[in-house]
Amino acid sequence: MYPFLQIDGDTEIVHSDTLPNGEVKVYIEKPDAKDGFHHASCFLPTYRWEDIHGFTPEEISRFQEVIESTAHLILEFAQQGGFENASSF
């Protein structure tokens, strides 16, 4: 998993390489004093959500907007081994 974006101070968004099926897993995690961590997975390019724990529907909707607006970058970085290895950045 490659670091991609930190939002709201403590919410981390990371992504995988391109998976054998052509998808890219985007994983969101936020520490929570009560539950340990809230987390969710979104698979690009279909925006299929799985394993949502602790996030409200409103939070998932906001994350969806963030992912949609940056999906082109995530997909490119997933093919190049993350932001650190992206040749055009």
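Going along each chain's sequence as written, the residues are numbered from 1 onward. The model is predicted, so local features are restricted to residues of pLDDT at least 70 and side-chain atom pairs to those at 80 or more, both for listing and for counting; the totals for chains, interfaces and linings are taken over all residues. Only hydrogens and water are removed before side-chain values are computed, so all heavy atoms of the structure are retained for them.

Draft legend 1. View of the confidence of the model for the protein. When pLDDT is averaged across the protein, the result is 91; 91% of the residues are at 70 or more. Per-residue confidence from the predictor is reported as pLDDT, a score between 0 and 100. Numbering of helices and strands runs from the N terminus, with a helix taken as a DSSP run of H or I at least four residues long and a strand as a DSSP run of E at least two residues long. Within the protein, strand E5 (residues 48–53) carries the highest mean pLDDT (97), whereas strand E1 (residues 2–7) carries the lowest (92).

Draft legend 2. Representation of the sheet that holds strand E3 (residues 24–32). Here five strands make up an open sheet; going across it, the order is E1-E2-E3-E4-E5 and the pairing antiparallel. Two strands close off the open sheet at either side, each with one partner strand: E1 and E5. Taking the axes of each pair of neighbouring strands and ignoring which way they run, one obtains an average angle of 20 degrees across the sheet. Bridge count between E1 and strand E2 (residues 11–18): five bridges; the pairing is antiparallel. Bridge pairing links tyrosine 2 to histidine 15 in E2. In this description, contact between two residues means that some pair of their heavy atoms is separated by no more than 4.5 Å. Fitting a line to C-alpha atoms yields each axis, with helices limited to the stretch in contact; the angle taken between N-to-C directions then spans 0 to 180 degrees. The sheet contacts of helix H1 (residues 57–80) involve E1, E2, E3, strand E4 (36–44) and E5, and relative to E2 the element is tilted by about 40 degrees. Should DSSP find at least two bridges between two strands, the strands are regarded as paired.

Draft legend 3. Quick peek at the packing of aromatic side chains. For this analysis, a ring pair means two rings from Phe, Tyr or Trp (six-membered ring only for Trp) whose centres lie within 6.5 Å, classed as stacked if their planes differ by under 30 degrees, edge-to-face if by over 60, and tilted for the remaining angles. Taken as a whole and judged by the stated rule, the model has two aromatic pairs. When the ring of phenylalanine 4 is compared with that of phenylalanine 77, the centres are 6.1 Å apart and the planes differ by 55 degrees; the resulting orientation is tilted. Highlighted residues: phenylalanine 4 in strand E1 and phenylalanine 77 in helix H1, separated in sequence by 73 residues. Only protein chains enter the accessibility calculation, which uses a 1.4 Å probe; a residue whose area is less than 20% of its type maximum is buried, one above 50% is exposed, and one in between is partly exposed. Judged by relative accessible area, which is 2%, phenylalanine 77 ranks as buried. Residues phenylalanine 55 and phenylalanine 63 carry aromatic rings whose centres are separated by 4.9 Å and whose planes lie at 80 degrees to one another, so their mutual orientation is edge-to-face. In this structure, phenylalanine 55 and phenylalanine 63 share a single accessibility class: buried. Only when the NZ of Lys or the CZ of Arg is both within 6 Å of the ring centre and within 35 degrees of the ring normal is a charge said to sit over the ring. When the ring centre of phenylalanine 43 is taken as origin, the NZ or CZ atom of arginine 48, which lies over that ring, is 4.4 Å away.

Draft legend 4. Focus on unusual backbone geometry. The peptide bond linking leucine 44 to proline 45 adopts the cis configuration, its omega dihedral lying at 10 degrees. With respect to the secondary-structure elements, proline 45 resides in the loop between E4 and E5. In this structure, aspartate 8 is a non-glycine residue whose phi angle is positive, near 55 degrees. As for its placement among the helices and strands, aspartate 8 is situated in the loop between E1 and E2. Residue classification places aspartate 8 among the partly exposed positions, given a relative accessible area of 49%. Unusually for a residue other than glycine, aspartate 51 sits at a positive phi of about 50 degrees.

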